[in-house]
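# An overview of the molecular structure
Next come the chains, spelled out residue by residue.
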Amino acid sequence: MICMVVGRVLDAPKSFVNAYQQRFEVLLETVEREGPGVEEKCFAWGEDARRLTEAGISPGDVLVVFGRRRPHVWTDTAGQERKDSIIDVIHCGKDVCVGPIRVHVEEMENGGWS
């Protein structure tokens, strides 16, 4: 399922390189208007992972992620099967509109920006 998520980076992103390709992993807490956010695990692979690793993403940054949500099933150390979902990143970038957005209403009412 295709989705878009806006969230704050919780921990330092992780980057791994194995014999096949590079992987980038980041944990976000979604930015909600009311109530607590939801944690989202996001992954990028190959060239996308390399670019995200070089982007200087840090804890506290707010990211906009467009990706494909898919189920994730694994077995924990106690032998219990666990389920959640992860997002495979298609596009990702820092949110430059963090904080209040100031709009000059009178300029807009007069036909545009001066």
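Scroll up for the structure.
Here we come to the pattern of salt bridges. When their charged atoms lie close together, side chains carrying opposite charge are able to pair. Here the structure, examined in full by the defined rule, presents 10 salt bridges. Glu47 is the salt-bridge partner of Arg51, the closest N and O atoms lying 3.7 Å from each other. Taken together, the positions of Arg51 and Glu47, both in helix α1 (residues 46-54) and four residues apart, correspond to about one turn of that helix. With relative accessibility at 45%, the residue Arg51 sits in the partly exposed group. A residue is classified by how much of its surface remains accessible, and Glu47, at 42% relative accessible area, is partly exposed. Among the salt bridges present, the one from Asp76 reaches Arg82, with a minimum N-O distance of 2.9 Å. What makes Arg82 partly exposed here is its relative accessible area of 40%. What emerges from the salt-bridge pattern is a single network uniting Glu47, Asp48, Arg50, Arg51 and Glu54.

The next thing to look at is the environment of Arg23. Checked against the element boundaries, Arg23 lands in strand β3 (residues 22-30). With a relative accessible area of 26%, Arg23 lands in the partly exposed category. Through-space distance from the C-alpha of Arg23 to that of Glu47 is 9.1 Å; in sequence the pair is 24 residues apart. Not counting residues within four places of it along the chain, the set of residues in contact with Arg23 comprises Lys14, Ser15, Phe16, Phe43, Ala44, Trp45 and Ala49. A polar side-chain atom of Arg23 sits 3.1 Å from a polar atom in the side chain of Glu25.

Rules and cut-offs
- Residues numbered from 1 in each chain as written.
- Predicted model: local features only at pLDDT ≥ 70, side-chain atom pairs only at ≥ 80, totals over all residues.
- Heavy atoms only, no water.
- Salt bridge = Lys/Arg side-chain N within 4 Å of Asp/Glu carboxyl O.
- Helix = DSSP H or I, 4+ residues; strand = E, 2+ residues; numbered from the N terminus.
- Buried < 20%, exposed > 50% of the residue type's maximum accessible area, 1.4 Å probe, protein only.
- Contact = heavy atoms within 4.5 Å.
- Polar contact = N/O pair within 3.5 Å; in protein donor to acceptor, adjacent residues only side chain to side chain.

That's the geometry; what it means functionally is another story.
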